[in-house]
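Spelled out from the first residue to the last, the chains are:
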Amino acid sequence: MFAFIIRRTLQAVFVMLVISVIGFAIKQSVGDPVREITGISVSVAERDALRDKLGLNDSFPVQWLRFVKGALHGDLGNSFKYKKPAVQVILSKAPATLELVITTSLLVVLLSIPIGIYAAIHSKSWWARLAMGGSIIGVSIPVFLTAILLIYVFAVWLQWLPSFGRGELVEIFPGWKSGFFTWNGLAHLLLPTVSLTSIMLPLFIRLIRAEMTETLQTEYVKYARARGLRESRILYVHAFKNTLLPVITVGGVQLGTLIAFTILTETVFQWGGMGSMFIKAVEDADTSLMVAYLVFVGLIFVVVNTVVDVIYGYVNPMIRTGGGK
Amino acid sequence: MKLFKKITASNLFYNFLRDPMAIGSATVLLFLLVASFGAPLFTSHNPYDQTTIDIMDAELPPIWTGAADADSRFLLGTDPQGRDMLSTMLYGMRVSVLIGAGAVVLQSLIGIIIGLIAGYKGGRLEALLMRLADVQLSFSTYMVAIFISAVFQGIFGMGVYSDYALGLLILVIGFAEWPQYARTVRASVMAEKNKEYVEAARVIGLPQRRIMFRHILPNTMTPVLVISTVQMANAIMSEAALSFIGLGMPPSQPSLGSLIKSGFDYIASGSWWISLFPGIALVVLILSINLLGDWLRDYLNPKLYKD
C-alpha cells in the first residue's frame, strides 16, 4: 500500500511538471514582458539591458526552472489587468466557484443515488423510464442554454429571481466572502446551481443505473438471494457498496467536467468566480492570469484524482497489486 | 444496387425498422441535415451576403407574435445584425455539423492509430500512451478544448483566429477528445490480439502493420461505431460551448453556439427568439444523435471499456 501511494504521488508530481512546462510555454509564446513593463519611449539598448536583467535571454530550461521555483513559493507572476499577483486574484475568486461547486455536488449526490438505484431496480416501471428519458434530454441540453432559459423565465419574465452576480455577501473569515448566510445571497445562488445540476445530474443517474444493473446480475447477488437475505439488505448493503466504487472513480474524473461547466455557468450569470475571471483574462490577453488558472485548476485535478485513486486502492486491493495500471 | 440489397437485408436494418424511437430520431436527423446542407436552396436570405442585410431590420420578432414591427419577410424574426433568423440558423447548423463531423474524423484517426499501436505492441509504449490518455481525460475534454482554443487565440490574435475558426475548432475539438477512441480501440485490440486468426496471420509471416490494420482493425469497428455517435453529439456540443464563451465561430460566420451567444446579449430586453430558435435546433440535433446512438449501443451491445 505504501509503495502504491508513493507511485501515485510520483505520478502526480510528474503530471504537475508537465502542466508547468505547458503553462510556461504558453507564457513564453504569448506576450512580451518587456513590452508590458516599458513604454514606447524606452530605447532598444535599454530594453535589451532590461531583458538581460530579467533573465529573459537565458535558455528555456533555465527560465522554466525559475518559473517552477516561483510557483512553489506561490508566485505565478502578476496579472497586468488587476495589478496584483495572479495567485492572489485567483484566491479571491475561488470561494465563489467553490460555493457553486459545493451546492451542485450536494444536489447531485442527494438526487442521483436514489434515482439511479430506483431506475436500476424497477427498470421497466414508468417512473424509471421517465427518469432515463429525462436524463438523455438533460445531457442533450447545453448548460448555457439551460441557464439562458432559466434567466428568461425567472428573471426577465416572472422577475422572481436575480439573474446575475452573487448578491449580499458576508465575510465568514478573511478572504472568504460567502453568499450562504443571507437570503439574498441564496436567491442569487439558486439559478446557477440549478443550471449546473441540470447537466451533471443526468451523467450520474445514467452511471449509477448502469453500474447497479451490472452488479445485480453478478453471482454474489444471486447467492445472497439464495441465502434468503432480505431484498432491501441485498440491494442497499451488498449491491450498492460495489456500485459506489466505480462511481467514486468516475466522480473524480467528472470534477474536470464540473469545473469546465462552471466556466460556462459563471459566464452566463456573471458570477464573480474563477471561471468568469478566466474568460475575461482570455479576452484581455492577460497571460499570467491564464497560466495561473491553468496551474491552479491542474493542481486541484491532480490532487483530487490522486486522493480518489489512493482511496480506491485502499478499498479495492486488486488495483494496488496490479502494477499500478 | 447490390449494396442497397445488402443493407436492407441486414439484421441491423431489420431491427431499425422495428424501433419507432430509432426511426423517429433518424428521420429528424435526416431532415435537419438536408435542411442545413441544402440551406442555399430552401432559404430566402443568404446571411453571408452583406448586401442583402439591412441593420434597420435588426431584432424583429417572429411574425406570429403579432407585434407591430413583425415583418412578413422574416418568419422567425431577425437577429441583432438584421439577418433572417431561419436562414441564419440553417447556415449555422451547417457550420456546427461540419465542425462536429470534422472533429470526429480527426479524433477517431488519432485515437484509432494510438489505441491500435498501444494495444498491439504493449509494454512501455502502451503504459505511456494510455497514461497520457488517462491524464488528458481527467482534465475533461471541455477543459482541454477551452484551454487550447484560449492559447490559440492568444498566439494568433483574435482577428486571425476568427478567420480560420472553422479549421482551428476542428483541430481543437479533435485533439481534445482522442483519448475516448484510443481507450476503446485499445480495449478491443487487447481482446482480439490473442485470437487464432491473428496468430495464424503471424505464423504466415505477415508484417505487423498489415496484421494491425487489415486483420485486427476491422474487428474493432463495432465499439468505434457506437462511440462515434456519442462523440459526434459531444463535438457539436463542445463547439457550441466554445462559441458561446467567445472562443469559437465569429458572429460573421455564425454557428448555432455563436447565434445563441448573440441572442443572450439581448435577452434582458425581451428578444427571446434570437437565442431560443438556435437553442431548440441545437438540442433537437444533439438529442436525435444521442437517441440514435443509444439504440445502436443497445442493438450492437459491444463490451465498452469502462471507468
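All values derive from a computational prediction rather than experimental measurement. (Residues numbered from 1 in each chain as written. Chains lettered and ligands numbered in written order. Predicted model: local features only at pLDDT ≥ 70, side-chain atom pairs only at ≥ 80, totals over all residues.)

**Concerning the overall build of chain B**
Regarding its fold elements, chain B presents 14 helices and 0 strands. If you list the helices and strands of chain B from N to C, you get α-α-α-α-α-α-α-α-α-α-α-α-α-α. Along the three orthogonal principal directions, the C-alpha set of chain B runs to about 80 × 50 × 30 Å. The buried share of chain B, reckoned over its 307 residues, is 45%. The long-range share in chain B, meaning contacts at least 24 apart out of those at least 6 apart in sequence, stands at 71%. (Helix = DSSP H or I, 4+ residues; strand = E, 2+ residues; numbered from the N terminus. Buried ≥ 20, exposed ≤ 12 C-beta atoms within 10 Å, placed from the backbone. Contact = placed C-beta atoms within 7 Å.)

**Here's the deal with the pairing of strand 3 (residues 170–173) of chain A**
Residue and element names in this part refer to chain A. Judged from the 3 bridges that link them, strand 3 and strand 4 (residues 176–178) form a sheet pairing that is antiparallel. By the bridge assignment, Val170 is partnered in strand 4 with Ser178. The hairpin formed by strand 3 and strand 4 contains 2 residues between the paired strands, and Gly175 there has a positive phi angle of roughly 90°. (Pairing = 2+ DSSP bridges.)

**Focus: the environment of A:Phe4**
Note on placement: A:Phe4 falls in helix 1 (residues 2–29). Between the C-alpha atom of A:Phe4 and that of A:Glu171, which follows or precedes it by 167 residues, the distance is 41 Å.

**Looking at helix 6 (residues 126–140) of chain A**
End to end, helix 6 of chain A covers 21 Å across 15 residues, agreeing with the expected 21 Å (1.5 Å per residue, within 8%). What helix 6 of chain A keeps buried is the set A:Ala131, A:Ser135, A:Val139 and A:Ser140. For helix 6 of chain A, the secondary structure elements touched by its buried residues are helix 5 (86–121) and helix 8 (183–216) of chain A together with helix 14 (273–300) of chain B. (Expected span 1.5 Å × (residues − 1).)

**Describing the nonpolar core**
In this structure, A:Tyr293 and B:Ile146 are the most contacted members of the largest nonpolar core, which totals 142 residues. If you tally residues by element for this core, the top one is helix 5 (residues 85–121) of chain B, at 16 residues. When near neighbours in sequence (up to four residues on either side) are disregarded, B:Ile146 contacts A:Ala260, A:Ile263, B:Leu242 and B:Leu247. (Core = buried A, V, L, I, M, F, W, Y, C linked by C-beta atoms within 7 Å.)

**Concerning the interface of chain B and chain A**
The interface is formed by 37 residues belonging to chain B together with 37 residues belonging to chain A. Broken down by secondary-structure element, the contributors of at least two residues to the side of chain B that touches chain A are helix 6 (123–138), helix 7 (141–163), helix 12 (221–244), helix 13 (256–264) and helix 14 of chain B. Class assignment for the residues of the side of chain B that touches chain A results in 26 nonpolar, 9 polar and 2 charged. (Nonpolar A, V, L, I, M, F, W, Y, C, P; charged D, E, K, R; others polar.)

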